[in-house]
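# Working through the structure, step by step
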Amino acid sequence: MKKPISFSNKTYALDDGGHYLIRPIQADDRDRIVELFNHLSPESRYLRFAHAISKLPDDFLDDILHLDYTTEMALVAVIQSQNAAEEIVGIARYVTPPNQSICEFSLSVSDSHTAHGIGTHLMLDLIAHAKENGLQEMLGYVLSKNLKMLHLVSDLGFEITNLNDDPDFKTVSLLL
Ligand SMILES: CC(C)(COP(=O)(O)OP(=O)(O)OC[C@H]1O[C@@H](n2cnc3c(N)ncnc32)[C@H](O)[C@@H]1OP(=O)(O)O)[C@@H](O)C(=O)NCCC(=O)NCCS
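One structure accompanies this document, and this report is about it. (Residues numbered from 1 in each chain as written. Predicted model: local features only at pLDDT ≥ 70, side-chain atom pairs only at ≥ 80, totals over all residues. Heavy atoms only, no water.)

## What to know about empty space enclosed by the protein
Tallied over the full model, the rule gives 1 cavity of 30 Å³ or more. Roughly 130 Å³ of internal volume is contained in the largest cavity. Surrounding the largest cavity, 15 residues form its lining, Arg48, Phe49, Phe60, Ile91 and Ser108 being those nearest its centre. Those elements that place two or more of their residues in the lining of the largest cavity are α1 (30-38), α2 (42-49), α3 (58-65), β4 (86-95) and β5 (102-109). Residue composition of the lining of the largest cavity, by class: 11 nonpolar, 2 polar and 2 charged. (1 Å grid on protein atoms, 1.4 Å probe; cavity = no way out; pocket = protein on both sides within 12 Å on 5 of 7 lines; lining within 4 Å. Points joined across faces, edges and corners; volume = space filled by probe spheres on them. Helix = DSSP H or I, 4+ residues; strand = E, 2+ residues; numbered from the N terminus. Nonpolar A, V, L, I, M, F, W, Y, C, P; charged D, E, K, R; others polar.)

Now the structure itself:
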């Protein structure tokens, strides 16, 4: 893989006049990620993790907080509140198996901040980062009933295919 290319933070406007920042996850984001999870409804947790989950496992948190930012990346969307505290309202992540150039993504946006384009911007920035770092394909497994997510990735140019052995999921993939 070529020399790693770092991510330049980006600021986006919200319709209410506010804005949010998209930046790479940092090792000290642990509590903010737990807060984001706590703001996901049971339905959203199910759509993201494909099973009922009431608490983020510690090893999952360890994994997403410690990345090489090249073959593994997590971008967070951050809103700064009036007391200057940061709230993470969305996260997009990819991981790449060793010696491969196909990465697998996941995406979550806080229920209170959906339908403002945050998920789309997180994915666009994640795709650009994967591409700049030499990855060749991004794929994901999306529950067939998750029409919102299927619509979102279809708008981004992902190809959607049925899984022969599991009608509950679809594979979505994008050549980078
Ligand atoms: C699916 C999910 C990631 C979407 O995130 P999001 O931030 O709402 O996504 P976006 O806002 O970019 O797009 C969603 C809709 O909002 C619309 N939208 C985008 N910008 C908008 C704006 N500024 N104002 C109003 N609506 C807007 C989009 O057109 C889209 O509508 P459409 O589906 O009718 O085309 C989020 O609902 C989620 O986290 N769900 C639970 C977890 C999950 O399903 N994860 C995916 C598993 S991999």
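## Considering the side chain of Lys170
Residue position: Lys170 is located in strand β8 (residues 169-175). At 9.7 Å, Asp168 is the nearest oppositely charged side chain to Lys170, a buried residue that forms no salt bridge. A polar contact of 2.5 Å, which involves the side chain of Lys170, links it to the side chain of Asn162. Residues contacting Lys170, with those up to four places away along its chain left out, are Gly140, Tyr141, Val142, Ser144, Leu150, Ile160, Thr161 and Asn162. (Buried < 20%, exposed > 50% of the residue type's maximum accessible area, 1.4 Å probe, protein only. Lys, Arg positive; Asp, Glu negative; His and termini not counted. Salt bridge = Lys/Arg side-chain N within 4 Å of Asp/Glu carboxyl O. Polar contact = N/O pair within 3.5 Å; in protein donor to acceptor, adjacent residues only side chain to side chain. Contact = heavy atoms within 4.5 Å.)

## Quick look at the layout of surface pockets
Of the voids in this model, the largest pocket is the one considered here, and its volume is about 860 Å³. Every residue lining the largest pocket is counted, 34 residues in all, and those nearest its centre are Arg48, Leu107, Ser108, Asn146 and Met149. When residues of the lining of the largest pocket are traced back to their parent elements, those giving at least two are α2, β4, β5, α4 (118-132), β6 (137-143) and α5 (147-155). At 6 residues, the largest contribution of residues to the lining of the largest pocket is made by β5. Taken together, the residues of the lining of the largest pocket sort by class into 18 nonpolar, 11 polar and 5 charged. Only β2 (19-24) and β3 (73-80) provide two or more residues apiece to the lining of the second largest pocket.

## So, α2
Looking only at α2, the buried set comprises Ser44, Arg45 and Phe49. One side of α2 carries all its buried residues, which in axial view fall inside an arc of 115 degrees. Those residues of α2 hidden inside the fold are in contact with α1 and α3. Two residues or fewer after α2 comes Ala50, characterised by a positive phi angle close to 65 degrees. (Arc of directions from axis to C-beta.)

## Structural notes on the environment of His51
Within the fold, His51 resides in the loop between α2 and α3. Among the polar contacts made by the side chain of His51, one reaches the main-chain carbonyl oxygen of Phe49 at a distance of 3.0 Å.

## Examining the nonpolar core
The nonpolar side chains of a soluble globular protein tend to be buried with one another. Grouped together as the largest cluster of nonpolar side chains are 33 residues, with contacts concentrated most on Tyr94, Phe105, Leu122, Met138 and Phe158. Listing elements by their share of this core, those giving two or more residues are β2, β3, β4, β5, α4, β6, α5 and β8. Counting residues per element, this core draws most heavily on α4, which supplies 6 residues. Discounting residues that sit within four places of it in the chain, Phe105 has contacts with Arg93, Tyr94, Met123, Leu126, Met138, Leu139, Gly140, Met149, Val153, Phe158 and Val172. Counting residues in each nonpolar core, the second largest holds 18 residues, with Ile33, Phe37, Leu65 and Val78 among its members. (Core = buried A, V, L, I, M, F, W, Y, C linked by side-chain atoms within 4.5 Å.)

## Re the sheet that holds β4
With mixed pairing, 8 strands are arranged side by side in an open sheet as β1-β2-β3-β4-β5-β6-β8-β7. Two strands lie at the open edges of the sheet, namely β1 (10-13) and β7 (159-162), each paired on one side alone. Strand-to-strand, the axes of this sheet are offset by a mean angle of 25 degrees, without reference to chain direction. Of the pairings in the sheet, the one linking β1 to β2 comprises 4 bridges and is antiparallel in character. Its bridge partner lying in β2, Tyr12 is registered against Tyr20. The strands that α1 touches are β2, β3 and β4; relative to β4, the one it contacts most, it runs at about 95 degrees. Here α5 sits on the sheet and contacts β5, β6, β7 and β8; the angle it forms with β5, its principal contact strand, is near 125 degrees. (Pairing = 2+ DSSP bridges. Axes fitted to C-alpha atoms, helices over the stretch in contact; angles between N-to-C directions.)

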